[in-house]
Amino acid sequence: MGLVGTTEMFQKAYEGGYAIGAFNVNNMEIVQGITEAAGELNAPVILQVSAGARKYANHTYLIKLVEAALIENPNIPIALHLDHGADFDICKSCIEDGFTSVMIDGSKYSFEDNIALTKQVVDYAHDHGIVVEGELGQLSGIEDDVNVSDEDANYTQPDQVEEFVGRTGVDSLAIAIGTSHGAYKFKPGQKPMLRFDILDEVSKRLPGFPIVLHGASSVLQNYVQIIQDHGGNLKDAIGIPEDMLRQAARSAVCKINIDSDLRLALTAGVREVMWDHPEIFDPREYLKVGRANVKEVVAHKITEVLGCEGKAAEMSK
């Protein structure tokens, strides 16, 4: 099986009351950890690449790592997705290089400018058989080149979604209901809360249409504690409760983005080895522990949060 698009993934997820995990990839160990977990659990998966990942690892290296993962895991559907495409040229480049899905993020622009940019990407992508994710509303937080203050963040307005989808032709829509990028999603003492009323209203206005949640890491506290205990400083790192994400996955949310939890897991493994064994200088020794942590996190998300274990069997071969 080669790389696939997300159309069938999302259709099955919507009908089945589960979500597909969209995991950000930055290096070999992360790609391996994600796809080994998905392969063992027979789960469809989206590997997504941000602008920061492309700068760090090189666009070509990341594509080839994903191609290697396909060889090692031939029986699971894998989509390659551009996360937070900033402009038409970036989306066009990724489409030409074999990505099966792209996101154009025009959420920082006015409603009309967002529509114009998104439609430009959709027209080109659809001509090449590629699906497109758009975004309405802005999440707060920091993720690579995306940096939105709490003051500039805004919830998705349900009364705009039908017009946006109708005029742009996007295949899925990322909405803002209270998730945020990074490991500090809520202030100390602040109760984590998602606006399920907005999600419900969007779902009513777009029946059967796949919705996406960005900034959905839970900031797993076991890894935060390992980092803290081994020289790190992540005081007050707080994420999205997993029961809220599972509730979202049972509704119209078909794609849930997870990045910070992978970073925390990898970092915890590296810090623990280097702290406990300062004599080690072989990167394979600490990166393999980090990789195992990534695999553990992905397996946990697939089984306990996303609900997509075994769902690869539902997809076309």
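S.K.: Looking at this structure, how should I read helix α9 (residues 221–229)?
M.R.: Think of an α-helix as turning once every 3.6 residues; residues three or four places apart then point the same way. Every buried residue belonging to α9 is among Y223, V224 and I227, and all of these are buried. Down the axis of α9, the buried side of the element spans an arc of 105°, and every buried residue falls inside it. Here the buried face of α9 lies against α11 (260–276) and α12 (283–306). With its phi angle positive at about 95°, G231 sits one or two positions after the end of α9.

S.K.: What is the right way to read the packing of helix α10 (residues 242–249) against α12 from this model?
M.R.: Packed helices, taken two at a time, are described by the angle between their axes plus the distance between the axes. At a minimum axis separation of 9 Å, α10 and α12 run at an interaxial angle of 65°. Relative to α12, the element α10 lies roughly perpendicular. On the side of α10, the interface is formed by E242, L245, R246 and A249, while α12 contributes H300, K301, E304, V305 and L306. For the contact of α10 with α12, the per-class residue count stands at four nonpolar, one polar and four charged.

S.K.: For this particular structure, what's the right way to read helix α7 (residues 158–168)?
M.R.: Listed as buried for α7 are P158, V161, F164, V165 and T168. Take α7 and look down its axis: the buried residues cluster within an arc of 90°, on one side only. Opposite its buried face, α7 presents the exposed residues D159 and G166, each directed more than 90 degrees away. Of the surrounding elements, those touching the buried residues of α7 are α6 (111–127), β5 (131–136), β8 (172–175) and α8 (196–205). Among the residues trailing α7, G169 stands out with phi positive, at a value near 80°.

S.K.: Mind showing me how you'd approach the pattern of salt bridges here?
M.R.: Where side chains of opposite charge bring their charged atoms close, a pairing between them can arise. Counting across every chain of the model gives 17 salt bridges. Of the charged contacts in the structure, one is a salt bridge between E201 and R205, with a shortest N-O distance of 2.9 Å. Of the two residues, E201 and R205 both sit in helix α8, four residues apart, roughly one turn of that helix. Judged by relative accessible area, E201 falls into the partly exposed class, the value being 28%. Exposure remark for R205: the relative accessible area of 29% places this residue in the partly exposed category.

S.K.: Even after reading the chapter, I still don't get the packing of α6 against α7, so can you show me in this structure?
M.R.: With their axes 9 Å apart at the nearest point, α6 and α7 run at an angle of 35° to one another. Classified by chirality, the crossing of α7 by α6 is right-handed. Where α6 abuts α7, its residues F111, E112, N114, I115, T118, K119 and V122 lie against Q160, E163, F164, R167 and T168. Of the residues contributing to the contact of α6 with α7, the split by class is four nonpolar, four polar and four charged.

S.K.: I would appreciate a short explanation of the sheet that holds strand β10 (residues 253–258) in the present structure.
M.R.: Pairing between sheet strands relies on hydrogen bonds along the backbone, with the strands arranged either parallel or antiparallel. Spatial ordering of the closed barrel is given by β1-β2-β3-β4-β5-β8-β9-β10, a layout of eight strands whose pairing is parallel. If you compare each strand with its neighbour and ignore which way they point, the axes differ by 25° on average. Summarising the sheet, strand β4 (residues 101–104) and β5 pair through three bridges and their orientation is parallel. Note that in β5 the partner of S101 across the bridge is V131.

S.K.: Looking at this model, I keep getting lost on the environment of K55. Mind explaining?
M.R.: Looking at where K55 falls in the secondary structure, it is placed in helix α3 (residues 51–57). Here K55 falls in the exposed class, since its relative accessible area comes to 62%. On a C-alpha basis, the gap between K55 and A86 in space is 14 Å, while along the polypeptide they are 31 residues apart.

S.K.: Can you help me understand the nonpolar core in this one?
M.R.: Within soluble globular proteins, side chains that are nonpolar generally end up buried alongside one another. In terms of nonpolar packing, the biggest core is built from 97 residues, with I34, L173, I211 and I256 touching the most fellow members. The biggest single contributor to this core is α6, with seven residues. The residues touching I34, leaving out its near neighbours within four places in the chain, are F23, N24, V25, V45, L47, L262, V294 and V298.

S.K.: Explain the environment of I240 to me, please; I cannot follow it from the model alone.
M.R.: Looking at the secondary structure, you find I240 in the loop between α9 and α10. Residues I240 and I198, spaced 42 residues apart in sequence, show a C-alpha to C-alpha distance of 17 Å.

S.K.: How should the packing of aromatic side chains be read in this particular structure?
M.R.: Aromatic ring pairs are described here by two measures, namely the spacing of the ring centres and the angle between the planes. Scanning all chains against the criterion turns up two aromatic pairs. Relative to Y124, the ring of F88 has its centre 5.6 Å away and its plane inclined at 80°; by these criteria the two rings are edge-to-face. Of this pair, F88 sits in helix α5 (residues 88–96) while Y124 sits in helix α6, and the two are 36 residues apart along the sequence. The exposure classification of F88 matches that of Y124, with both residues buried. Pairing F111 with F164 gives two aromatic rings, centres 6.4 Å apart and planes at 45°, and the pair type is tilted. Linking F111 in helix α6 with F164 in helix α7, this pair joins segments that are 53 residues apart in sequence. Assigned by exposure class, F111 and F164 land together as buried. For the cation-ring pair, R195 lies above Y155, with the distance from its terminal atom to the ring centre recorded as 5.1 Å.

S.K.: Explanation requested: unusual backbone geometry in the structure shown.
M.R.: The bulk of non-glycine residues show a negative phi, and the bulk of peptide bonds are trans. One non-glycine residue with positive phi stands out, namely N58, at about 85°. Structurally, N58 can be placed in the loop between α3 and α4 (59–72).

Criteria and thresholds
Residues numbered from 1 in each chain as written. Predicted model: local features only at pLDDT ≥ 70, side-chain atom pairs only at ≥ 80, totals over all residues. Heavy atoms only, no water. Buried < 20%, exposed > 50% of the residue type's maximum accessible area, 1.4 Å probe, protein only. Helix = DSSP H or I, 4+ residues; strand = E, 2+ residues; numbered from the N terminus. Arc of directions from axis to C-beta. Contact = heavy atoms within 4.5 Å. Axes fitted to C-alpha atoms, helices over the stretch in contact; angles between N-to-C directions. Parallel < 35°, antiparallel > 145°, perpendicular 65-115°, else oblique. Nonpolar A, V, L, I, M, F, W, Y, C, P; charged D, E, K, R; others polar. Salt bridge = Lys/Arg side-chain N within 4 Å of Asp/Glu carboxyl O. Left-handed = near helix turned anticlockwise from the far one by under 90°. Pairing = 2+ DSSP bridges. Core = buried A, V, L, I, M, F, W, Y, C linked by side-chain atoms within 4.5 Å. Phe/Tyr/Trp six-rings, centres within 6.5 Å; stacked < 30°, edge-to-face > 60°. Lys NZ or Arg CZ within 6 Å of the ring centre and 35° of its normal.

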